[in-house]
Amino acid sequence: MQPNYFFINKVEVRVRFAPSPTGALHLGGVRTALFNYLFARKNGGKFILRIEDTDQTRFVPGAEEYIIKSLEWIGLDIDESDKQGGEYGPYRQSDRKHLYREYAEQLVNQGFAYYAFDTPEELDAMRKDLEQKKASVQSYGPATRNNMKNQLTLGQQKTEELLAQGVPYVIRFKMPEDEKLVLHDIIRGEVKADTAILDDKVLFKSDGMPTYHLANIVDDHLMKISHVIRGEEWLPSLPLHYLLYRSFGWTDTMPQFAHLPLILKPDGKGKLSKRDGDRLGFPVFPLNWTDPKTGEVSKGYKETGYFPEAFINMMALLGWNPGNTTQEIFSKKELCQLFSLEHVTKSGSKFDPEKNKWFNKQYLEKKPNSELAQYLIEDANKDGINISQADAEKICGLIKERASFTTELWPSAQYFFIAPQEYDATNMKKYYKQETPELLKQSIEKLKEIDDFSAQNLETQISNWIETSGLNFGKVLNPMRIALAGACKGPHIFDIIEFLGKEETIKRIETLIAKN
Ligand code: GLU
């Protein structure tokens, strides 16, 4: 397929992530931010963060900070934003408020938009009437606007009078009556629309605030955005956005559009939601999020123990694939080199929480023990246990193979530092038999004889002893493992014995015998 970015070589690639601070950043938003970032890096362009906060009724305190912190944790460095600054600021729409009115008025003056004075009751009555009539188009638009209270029906003079009296108004886009549009989307190809069934969206309100549609188009234009990469939920807005560019006379520099596929539920149909995460036990936000209204805390990927590299890797593969390869592990650097919108799929991609754990495990296994040791030391510390760097590194080397998350390190290493307080009942039933105490006593005698407590020597000596005495490996080693670790779990038993040392090992075996 030929790349679609026809002006990629002529115009600097400038993309923006434009969240509305209405709550925590959900996974769809993370993926949109990531694809914008990768596209910018791949094409030597700029990645811009613009906060779209024109809808003050949906404003949630803390959301903007949360979004910024999330992008920081994921490692998506921003080139231009409110914090970073840049030539095209301000980068928060509420700080750009003064800009939008003149653009709305320009459209009115050119006949592409009009003032409307309908009250909420009148709008309601219109809706009810259309419903009753079972009208094929049930919105304020080409088919209905001539029956409403607006500039088109009232005339210029009356409109000016109402404006002068301070009657509340909105400015609506005047949708062409009957035009068939054929638009282009990089991912979807041709997108067709019939303006006859589209509505006259509100662009500006009498409180002086623009709506999303107007502010978004004006800002993309003023910020010289080259590509709009956003979620599929915005595809229905594409015709209006195109028409706004056309009405302003900006089609020559109009950005190209790419609408990303949905992220789907792990089971069943439909878009992934927070409820799916709650129901199936996986996070849907990058960082912990406390709902300011309810106080409810939702756990984040970071706090669950995900590495940002693993998180990026799994998110990148939600809707994108690198083409002819079975490779699944990609560093951020590789993704920046490989990413292309041509390899973004049209269809939604299923979210797979188990696969995500697998991704994290791959990264965890490759982490140096020195780095993993920090997590172990920190978590043990919270339980009042001090672990030296050397011990922590050694243990991480032994247990990391079985861990998917750093948060699992301390729980699965506790028995190295704290003797088991209880023993796994199922394991006991299976392995602690009548002859076990006697076998364990013999093993204590054998351990006493051994001086070199290296895992290797222990293995040779104990194995020889078991073999030459005609004993059974499982019958000796399984209960021994229960004595040391509380259950049949953990790394190689001789590694555990080496770490615990002679005295502690014998003590734990004696305790098991004494308690049973
Ligand atoms: N503020 C919009 C949003 O939340 C941005 C959509 C767009 O990228 O155009 O999602």
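Residues numbered from 1 in each chain as written. Predicted model: local features only at pLDDT ≥ 70, side-chain atom pairs only at ≥ 80, totals over all residues. Heavy atoms only, no water.

Draft legend 1. Fine view of the overall build of the protein chain. Counting secondary structure elements, the protein chain contains 21 helices and 13 strands. For a compact globule of 516 residues, the expected C-alpha radius of gyration is about 24 Å, and the protein chain comes in at 32 Å, more than 25% above that figure. Considered along the principal axes of its C-alpha atoms, the protein chain spans approximately 110 × 50 × 40 Å. Put simply, the protein chain has 516 residues, and 51% of those count as buried. Within the protein chain, residue pairs in contact and separated by at least 24 positions form 72% of the contacts whose partners lie at least 6 positions apart. If you sum the accessible surface of the protein chain, you get close to 24,800 Å²; carbon and sulfur atoms cover 49% of it. (Helix = DSSP H or I, 4+ residues; strand = E, 2+ residues; numbered from the N terminus. Rg over C-alpha atoms; globule rule 2.2 N^0.38 Å. Buried < 20%, exposed > 50% of the residue type's maximum accessible area, 1.4 Å probe, protein only. Contact = heavy atoms within 4.5 Å. Areas by Shrake-Rupley, 256 points an atom, 1.4 Å probe, with all protein chains shown as cover.)

Draft legend 2. Seen up close, the nonpolar core. The biggest cluster of nonpolar side chains holds 57 residues, and the ones touching the most others in it are Leu 71, Leu 76, Tyr 301, Phe 311, Met 315 and Phe 351. Of all elements in the fold, only strand E1 (14-17), helix H1 (27-42), strand E2 (46-49), helix H2 (63-74), strand E9 (256-260), helix H11 (308-316) and helix H12 (332-338) reach the threshold of two or more residues within this core. Looking at this core, the element that brings in the most residues is H1, giving 9 residues. In this structure, Ala 373, Ala 380, Phe 453 and Trp 465 belong to the second largest nonpolar core, which totals 52 residues. (Core = buried A, V, L, I, M, F, W, Y, C linked by side-chain atoms within 4.5 Å.)

Draft legend 3. Examining the pattern of salt bridges more closely. Taken as a whole, this structure holds 43 salt bridges when the rule is applied. When the shortest N-O distance is used, the salt bridge between Arg 50 and Asp 219 registers 3.9 Å. Placement of the pair is Arg 50 in the loop between E2 and H2 and Asp 219 in helix H7 (residues 212-222), with a sequence separation of 169 residues. Here the two residues Arg 50 and Asp 219 agree in accessibility, since each one is buried. A cluster of three or more residues bridged by salt bridges with shared partners is formed by Arg 16, Arg 50, Glu 52, Arg 96, Asp 219 and Asp 220. (Salt bridge = Lys/Arg side-chain N within 4 Å of Asp/Glu carboxyl O.)

Draft legend 4. Representation of the environment of Arg 279 in the model. Among the secondary structure elements, Arg 279 is positioned in helix H9 (residues 274-280). Sequence spacing of Arg 279 and Leu 34 is 245 residues, and the spatial spacing of their C-alpha atoms is 26 Å. At a separation of 2.8 Å, a polar atom in the side chain of Arg 279 contacts the side chain of Asp 276. (Polar contact = N/O pair within 3.5 Å; in protein donor to acceptor, adjacent residues only side chain to side chain.)

Draft legend 5. Spotlight on unusual backbone geometry. For the peptide bond that leads from Gly 89 to Pro 90, omega is -5 degrees, which places it in the cis range. Here Pro 90 shows up in the loop between H2 and helix H3 (97-109). Although it is not a glycine, Lys 224 sits at a positive phi angle of roughly 55 degrees. The residue Lys 224 is located in the loop between H7 and strand E8 (227-231) in this model.

Draft legend 6. Highlighting the site of the ligand. All residues in the neighbourhood of the ligand are listed as Arg 16, Ala 18, Ser 20, Glu 52, Tyr 212, Asn 216, Arg 230 and Trp 234. Taking Arg 16, its side chain carries an N or O atom lying 2.7 Å from an oxygen atom of the ligand. Residue Asn 216 places a side-chain N or O atom 3.0 Å away from an oxygen atom belonging to the ligand. Among the residues forming the shell around the ligand, the class breakdown is 3 nonpolar, 2 polar and 3 charged. (Near = heavy atom within 4 Å. Nonpolar A, V, L, I, M, F, W, Y, C, P; charged D, E, K, R; others polar.)

Draft legend 7. Representation of the packing of helix H18 (residues 436-449) against helix H20 (residues 473-485). Taken N-terminus to C-terminus, the directions of H18 and H20 make an angle of 85 degrees; their axes are 10 Å apart at the nearest point. The angle between H18 and H20 places the two elements in the roughly perpendicular class. Contacts between H18 and H20 involve Thr 436, Leu 439, Leu 440 and Ser 443 on the former and, on the latter, Lys 475, Val 476, Pro 479 and Met 480. Grouping the amino acids of the contact of H18 with H20 by side-chain chemistry returns 5 nonpolar, 2 polar and 1 charged. (Axes fitted to C-alpha atoms, helices over the stretch in contact; angles between N-to-C directions. Parallel < 35°, antiparallel > 145°, perpendicular 65-115°, else oblique.)

Draft legend 8. Here's a closer look at the side chain of Asp 53. With respect to the secondary-structure elements, Asp 53 resides in the loop between E2 and H2. The side chain of Asp 53 is buried and forms no salt bridge, while Arg 92, the nearest opposite charge, is found at 4.6 Å. Polar side-chain contacts of Asp 53 include one of 2.6 Å to the side chain of Ser 94. Not counting residues within four places of it along the chain, the set of residues in contact with Asp 53 comprises Pro 21, Arg 92, Gln 93, Ser 94 and Met 209. (Lys, Arg positive; Asp, Glu negative; His and termini not counted.)

Draft legend 9. Layout of the sheet that holds strand E4 (residues 170-173). Here 3 strands make up an open sheet; going across it, the order is E3-E4-E7 and the pairing antiparallel. At either end of the open sheet lies a strand with only one pairing partner, and these are strand E3 (113-116) and strand E7 (202-205). Across the sheet, the mean angle from the axis of one strand to that of its neighbour is 25 degrees, orientation sign disregarded. Bridge count between E3 and E4: 4 bridges; the pairing is antiparallel. Counted as the bridge partner of Tyr 115 is Ile 171 from E4. (Pairing = 2+ DSSP bridges.)

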